[in-house]
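Structural characterization, general
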Amino acid sequence: MAEEWNLDTGEAVYRSRDPIKNLKIRVLLQRVSPVSALVQRVEEDDGIKGDLQLRELSSKTNTSGYRPDDEEEEAVICWQEKLFSQFEYDLYKNESACRTPLDRQYHQDVLSLERRSGRKNKRIFTYTDYDRYTNIEEHSQSVTTSRQETPSFLAERMANIRRRRQERKPLDGVGARTVVTLEPSEEFIRNNHILNTPVQTMYIMGDLGPNGKLGLRENEHVLCTIRVDSNGVITLKPDVTNTKGPYRLELGCHKRELWKYRLQHVSETVQREEQEREEHIYKNLYSRHKEYLNSLVGSEFEMPPAGVLRLFVNGEIISAQKYEFDNLYVHFFMELPKYWSSPAFQELSGVTQSCKSKSHGRESIAHFSYPFSFEALLSEEAESEEIPQWPILYFEVLSLDFWQRYRVEGYGSIVLPVTPGMHTITVQTWRPLEMGTVSELRRFFIGGSPELEDLTYARIPGTFQGERLSRIGFRTTTTGSVTFRFHCIQQSRSFLDRGSLRKRMQNVLDRLGGFSQQTSIHNVLDAFQRARRRMQMARESLPQDLLSTSKLPQQQPTA
């Protein structure tokens, strides 16, 4: 059967992490004789009916003495490998034709080829990225399938640009040069709106001229264009054939010659040993880079003493909403329970700025965005406690009127989050309420209102020593709410060791707060239920006679 042509001559894009110098392409170029082209045409037209004619034509070709091997050539080309054409070979033989350093280098290469019995390639040659060659046909291709397409200014400029890696030299007086153009003109924008990505290009060419007339520029045709950018993206046009048919080149000369060629990817695959060695090298490289970064960062971090948990809190009072009066500000302070301490320079209280409220729908919100931070230490003596207490933040919201009179708008408290990380918490507030119309009039006109002497009374006062705290007869009313955001960090030497970390978490952190106690109770109950079910299953699996003999006399309960 006749060989099918490969009509897909579009671009193929690949990405490779390997060095581009390892790329190898095998090119097989062959002239299709007029007789073989006629045989193929007859087979395509007549199909099975043309078997006798094909045999007659093939017999005629054998008697004519035509040998197609004379018009075949094969070459394996590496990346940026220079293969001289007949025209370049004749040109660079003459030293007087060499003007540039590249020409003189090619002259030396040609002389070395002369000393080694000449060049081996005849029709297949290459243009590297250093040669002064640009494929005009590639740039003149249309973007769309419309016959009425007119290229834009940008398309024309991009078609004419030679995208190659250029060695940029520093300019004199670059310090006095203006880098940013504040008022660019339209012509400046049009001329600079061009993509100039560093790309290396290589052309695999074919000299398809008749025998004895090689070296003419009009017979040079591009077989494959290879472009590689700095990101490892490889573009082939056309793609390698692999299992597909060959590409077709038909020359429009007076004899209508037909050529076919194949492109095969023949780069050497990495061996298993080399791959393992490369992985080992990369692993050592990454480990050394990690050690280098660690040396830059250093290891002299300030660590808390052994057996001490350090707590860093970066907090923010975000907003206060739904309060009766405007010009709000918040006064807050931190209470450290037993076994907690703070540095001497640490301030555990603060006052925000006064803030006017803004209406958002039906609510009035005062946005403070007031930051605060503090540090506290938990000593190892807390290990003896069942549930160590966590620091508590007490606060009161006040308002200030035009006559500089303040009113208490609400009290509140919040236990700092036990777990590290970011936490956003909204706390409802309340204030004492005095019954009667006179107290409300006094609050509205002269600013007087009941206050707490001790802000810890909003929760449990620190001075309270009894077992029960009664608030019967204490009248309050609900006011607005305040939103906090906490960023908590915990630091301890025991966190460095995994074994001690688990023990530390069980002894300290898991016992902090009420929810930890509730979790431990649930765990005990679940363990008890599982043990009871296992005991019942074990008793059911035993024989009945064994159960009857293993019963013990019951003892009478004693008082």
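Some remarks on the sheet that holds strand S5 (residues 199–207)
Strand order across the open sheet formed by five strands is S1-S7-S6-S5-S4, with antiparallel pairing between neighbours. Of all strands in the sheet, those with a lone pairing partner are strand S1 (12–15) and strand S4 (124–127), marking the two edges. Sheet twist, expressed as the mean angle between neighbouring strand axes with direction ignored, is 20 degrees. As judged from the nine bridges shared by S5 and strand S6 (residues 220–229), these two strands associate in the antiparallel manner. Residue pairing across strands places Thr-201 opposite Arg-227, the latter belonging to S6.

What to know about the pattern of salt bridges
Note on pairing: side chains with opposite charge can pair once their charged atoms come close. Applying the stated criterion across every chain, the model contains 13 salt bridges. Two residues, Glu-375 and Arg-310, come together in a salt bridge whose shortest N-O distance is 3.1 Å. Residue Glu-375 is located in strand S15 (residues 363–378), and its partner Arg-310 is located in strand S10 (residues 309–321); the two are separated by 65 residues in the primary sequence. Taken as a pair, Glu-375 and Arg-310 share a single burial class, namely buried. Through salt bridges with shared partners, a single ionic network connects Lys-82, Glu-88 and Asp-131.

Structural notes on the sheet that holds strand S2 (residues 24–32)
As summarised here, the arrangement of the four strands in space is S3-S2-S9-S8, forming an open sheet in which the pairing is antiparallel. Edge positions in the sheet fall to strand S3 (72–78) and strand S8 (247–250), since each of these pairs with one other strand and no more. For this sheet the average axis-to-axis angle between neighbouring strands, irrespective of direction, equals 20 degrees. Here S2 runs beside S3; their pairing, made up of seven bridges, is antiparallel. Its bridge partner being in S3, Leu-29 is matched across the sheet by Glu-73.

Examining helix H8 (residues 272–297)
When the terminal C-alpha atoms of H8 are compared, their 37 Å separation across 26 residues agrees well with the 38 Å that a helix rising 1.5 Å per residue should span. Two residues or fewer after H8 comes Gly-298, characterised by a positive phi angle close to 90 degrees.

Quick word on helix H4 (residues 101–115)
With 15 residues, H4 should reach 21 Å at 1.5 Å per residue; the first-to-last C-alpha distance of 22 Å fits that figure. Among all positions in H4, only Asp-103, Tyr-106, His-107, Val-110, Ser-112 and Leu-113 are buried. Those residues of H4 that are buried are in contact with helix H3 (86–91). Remark: Ser-117 follows H4 within two positions and exhibits a positive phi of approximately 65 degrees.

A short note on a negative patch on the surface
Side chains of Asp-18, Glu-273, Glu-274, Glu-278 and Glu-279 sit close together on the surface and give a patch of like negative charge. Structurally, the position occupied by Asp-18 is in the loop between S1 and S2. The class for Asp-18 is exposed, based on a relative accessible area of 52%.

Describing the packing of aromatic side chains
As enumerated under the stated definition, the model contains 14 aromatic pairs in all. With 5.9 Å between their ring centres and 10 degrees between their planes, Phe-484 and Phe-486 make a pair best called stacked. Cation over ring: Arg-119 sits above Tyr-89, and NZ or CZ is 5.9 Å from the ring centre. Over the face of the ring belonging to Phe-325 we find Arg-407, whose NZ or CZ atom lies 4.2 Å from the ring centre.

Digging into the pairing of S8
The two faces of S8 differ: Tyr-247 and Leu-249 on one face are buried, but Arg-248 and Glu-250 on the other face are not. Note: S8 against strand S9 (residues 258–265), four bridges, orientation antiparallel. Opposite Glu-250, over in S9, you have Leu-258 as the bridge partner.

Side note on unusual backbone geometry
The omega torsion of the bond from Lys-237 to Pro-238 falls at -5 degrees, within 30 degrees of zero and hence cis. Within the secondary structure, Pro-238 sits in the loop between strand S7 (233–237) and S8. Unlike most non-glycine residues, Asn-327 shows phi in positive territory, near 55 degrees. Within the secondary structure layout, Asn-327 lies in the loop between S10 and strand S11 (328–335). Look at Ser-369: it is not a glycine, yet its phi comes out positive at around 55 degrees. Within the element layout of this structure, Ser-369 appears in strand S15.

What to know about the side chain of Glu-88
Structurally, the position occupied by Glu-88 is in helix H3. With residues near it in sequence (within four places) discarded, Glu-88 still touches Lys-82, Leu-83, Thr-126 and Tyr-127.

Comments concerning the confidence of the model for the protein
The pLDDT averaged across the protein works out to 76; a share of 72% of its residues lies at or above 70. Summarising per-element confidence for the protein, the mean pLDDT is lowest in helix H2 (residues 51–64) (39) and highest in S10 (93). In the predicted structure, residues 162–176 sits below a pLDDT of 50 and forms 23 contacts with residues beyond four places in sequence or in another chain. Segment residues 549–559 is flagged for pLDDT under 50; beyond a separation of four residues in sequence, or across chains, it makes zero contacts in the model.

Here is what the cut-offs are and how they apply
Residues numbered from 1 in each chain as written. Predicted model: local features only at pLDDT ≥ 70, side-chain atom pairs only at ≥ 80, totals over all residues. Heavy atoms only, no water. Pairing = 2+ DSSP bridges. Helix = DSSP H or I, 4+ residues; strand = E, 2+ residues; numbered from the N terminus. Axes fitted to C-alpha atoms, helices over the stretch in contact; angles between N-to-C directions. Salt bridge = Lys/Arg side-chain N within 4 Å of Asp/Glu carboxyl O. Buried < 20%, exposed > 50% of the residue type's maximum accessible area, 1.4 Å probe, protein only. Expected span 1.5 Å × (residues − 1). Contact = heavy atoms within 4.5 Å. Patch = residues over 30% accessible without salt bridge, like charges linked within 9 Å, V, L, I, M, F, W, Y side chains within 5 Å. Areas by Shrake-Rupley, 256 points an atom, 1.4 Å probe, with all protein chains shown as cover. Lys, Arg positive; Asp, Glu negative; His and termini not counted. Charge placed at Lys NZ, Arg CZ, Asp CG, Glu CD. Phe/Tyr/Trp six-rings, centres within 6.5 Å; stacked < 30°, edge-to-face > 60°. Lys NZ or Arg CZ within 6 Å of the ring centre and 35° of its normal. pLDDT = per-residue confidence, 0-100.

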